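This is what each chain is made of:
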Amino acid sequence: MSLFQTVQTPALTYEQPLGLFINNEFIKGVDGKTFETINPHNEKPIVAVHEGAEEDVNIAVKAARSALNGEWKQVTPSERGRLLTRLADFLERDIETLAAIEALDNGKGVTMAKGDVTASAGCLRYYGGWADKIYGQTIDTDTNSLTYTRHEPVGVCGQIIPWNFPLLMFAWKIGPALATGNTIVMKTAEQTPLSGLYVAKLIKEAGFPPGVVNVISGFGRTAGAAIAAHMDIDKVAFTGSTLVGRQIMKSAADSNLKKVTLELGGKSPNIVLPDANLDEAIEWVNLGIFFNHGQCCCAGSRILVHEAVYEKFLQLFKKRAEQNKVGDPFNTETFQGPQVSQIQYDRIMSYIKDGKGAGAKVVTGGDRHGSEGYYIQPTIFADVTEDMTIVKEEIFGPVCTVQKVRSEEEAIRVANDTNYGLAAAVHTTNINTAIRVSNAIKAGTVWVNNYNTLHYQMPFGGFKESGVGRELGSYALENYTEVKTVRVHLSQS
Ligand code: ADP
């Protein structure tokens, strides 16, 4: 099988790399296996890509190690920054192609996909700016010594990303790792390998030395597990389910105690209080759950509404959700495309069935949309109770629950009644209430009168079982550096 293929999308035709990307070359896997990636809009294969497994991970780690100790070490911090900003420029240059790839492979609306490309370029440029600003401290302890710290790269970083934002997660991961001088073995999600391979081509074009970024298409059980357990990977960064996050932490502990950062699941509460501007709150609540078809780890899936506005809220929210344009990702008006895969579609539909069976009221949706592709209607359940499975478990689809609360205190208690702690929101026009409630909620991000407004300058990550460490902002740099203390004894003569 060849290493490149011309792919036709409804928007444009482009050349798709298919190989594993190791040492700046596209190559076949050791086993010679390939796997197909499916278009979720019509359930048909797009292309087959080469599959990486344990032996390929070993080869990629060797390439990354040798780059770390060789050519990449000689690249100055300013030049690292220049490479990152050049890569950002190339993402923007190829925005139409990258957006078409995401629409084709992931199913997200092409207009939303362009937003992902812009945000990815912004993230890379932001970290490019950090590359020559990685400083330690000088510490005065006593007159006979000089003590200072150096922030050195951790080393070879394994990075495992999910399918919900294939390109954006790629950028979030490589940005801080490269700015701080590390090298990378990246495993993309098996559902969405295409944009990562296209960016690999741009990485080479931007002038990164061979082996600095290596990209493996492959499965979690094989390639992913090999990264987590590898004895010569110094750090693993993972975004995905809490279940797999636990396994990665165990593998890291059982192998070489590599550093671990995890960005995991959520069941984030979105609180609407009686003094909220209801029209604005509805817009944010709608975006909070239905953006990216509900496939966001921080989706506002548990909506807690004060009894004083509960009925009015339901009426307005139903109307708003029914206006969401569901359909073909290549229609520029589309807000919600198909779910990413048959497996995800089946999981979500089984949660919907469970909610109906448990007696939750279907306000809108609750069924398949259309007859082809993995489309699900935007679904709102109301009159739910805290013990229902649909209220407790992450659904990762266009499905939310609306629960009535009687006071601010009850809203806070219910909001915190979860093992997750990724994000939350409160809608109120009272600044005191806003700050009081956000202080009381155990979550890594709390939005006040908005939702899902992530930005590469802001740290993002989870309390409790939603993760370990923070991505984005200057906080992410800490995950990718080791602090070395140097203490110099000063002679008196
Ligand atoms: P989802 O259930 O939404 O697909 P996962 O957490 O299973 O999310 O997948 C996220 C990423 O983790 C993907 O790249 C997947 O291949 C990878 N992965 C899955 N299982 C493992 C594993 N046991 N070890 C390492 N990576 C894994």
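Because the structure is a prediction, the values reported are computed rather than measured.

With that settled, consider the site of the ligand. Surrounding the ligand, one finds 18 residues, the nearest of these being Ile 161, Lys 187, Glu 190, Ser 241 and Gln 247. Between the ligand and Glu 190, the relevant distance is 2.6 Å, taken from an oxygen atom to a side-chain nitrogen or oxygen of the residue. At a separation of 3.2 Å, an oxygen atom of the ligand approaches a polar backbone atom of Gly 220. Contact with the protein chains removes 84% of the 550 Å² of surface that the ligand exposes when unbound. The site holding the ligand turns out to be the largest pocket. Elements that contribute at least two residues to the shell around the ligand include exactly α8 (220–229), β12 (235–239) and α9 (242–254).

Right, let's get into the sheet that holds strand β14 (residues 269–272). An order of β16-β17-β18-β15-β14-β19-β20 is seen for the 7 strands of this open sheet, with the pairing classed as mixed. Two strands in the sheet have a free side with no partner beyond their single neighbour: β16 (361–364) and β20 (445–448). Across the sheet, the mean angle from the axis of one strand to that of its neighbour is 25°, orientation sign disregarded. With 3 bridges joining them, β16 and strand β17 (residues 379–382) adopt antiparallel strand pairing. Bridging from a neighbouring strand, Thr 364 pairs with Ile 380 of β17. In this fold helix α11 (residues 310–322) packs onto β14, β15 (302–306), β16, β17 and β18 (399–405), with an angle of close to 165° to the strand it touches most, β18.

One can read the domain layout of the chain as domain 1 (4–264 + 467–483) and domain 2 (269–456). With 37 residues of domain 1 in contact, the opposing surface of domain 2 contributes 31 residues. Surface buried jointly by domain 1 and domain 2 totals about 2600 Å² across both partners, of which 64% is contributed by carbon and sulfur atoms. In terms of surface lost to domain 2, no three residues of domain 1 exceed His 41, Glu 43 and Trp 163, which account for 23% of the buried area on that side. There are 1 salt bridge connecting domain 1 and domain 2. Salt-bridge contacts for Arg 368 lead to Glu 43; the nearest nitrogen and oxygen are separated by 3.7 Å. Across the contact surface, domain 1 and domain 2 share 9 residue pairs in polar contact (both at pLDDT 80 or more). Those elements giving two or more residues to the side of domain 1 that touches domain 2 turn out to be α4 (95–105) and α5 (110–130). Looking at the side of domain 1 that touches domain 2 element by element, the count peaks at 8 residues for α5.

Within this structure's numbering, the places UniProt gives as "domain: Aldehyde dehydrogenase" (unreviewed entry) are residues 30–486. The distance from the first to the last C-alpha atom of residues 30–486 is 44 Å, and the span holds 41% helix and 19% strand.

The rules we used
Residues numbered from 1 in each chain as written. Predicted model: local features only at pLDDT ≥ 70, side-chain atom pairs only at ≥ 80, totals over all residues. Heavy atoms only, no water. Near = heavy atom within 4 Å. Polar contact = N/O pair within 3.5 Å; in protein donor to acceptor, adjacent residues only side chain to side chain. Areas by Shrake-Rupley, 256 points an atom, 1.4 Å probe, with all protein chains shown as cover. 1 Å grid on protein atoms, 1.4 Å probe; cavity = no way out; pocket = protein on both sides within 12 Å on 5 of 7 lines; lining within 4 Å. Sits in = over half its atoms within 2 Å of the grid points. Helix = DSSP H or I, 4+ residues; strand = E, 2+ residues; numbered from the N terminus. Pairing = 2+ DSSP bridges. Axes fitted to C-alpha atoms, helices over the stretch in contact; angles between N-to-C directions. Contact = heavy atoms within 4.5 Å. Domains from an automatic or database assignment. Buried area = accessible area lost by both parts, 1.4 Å probe. Salt bridge = Lys/Arg side-chain N within 4 Å of Asp/Glu carboxyl O. UniProt positions renumbered as here; feature names shortened; annotations may be inferred.

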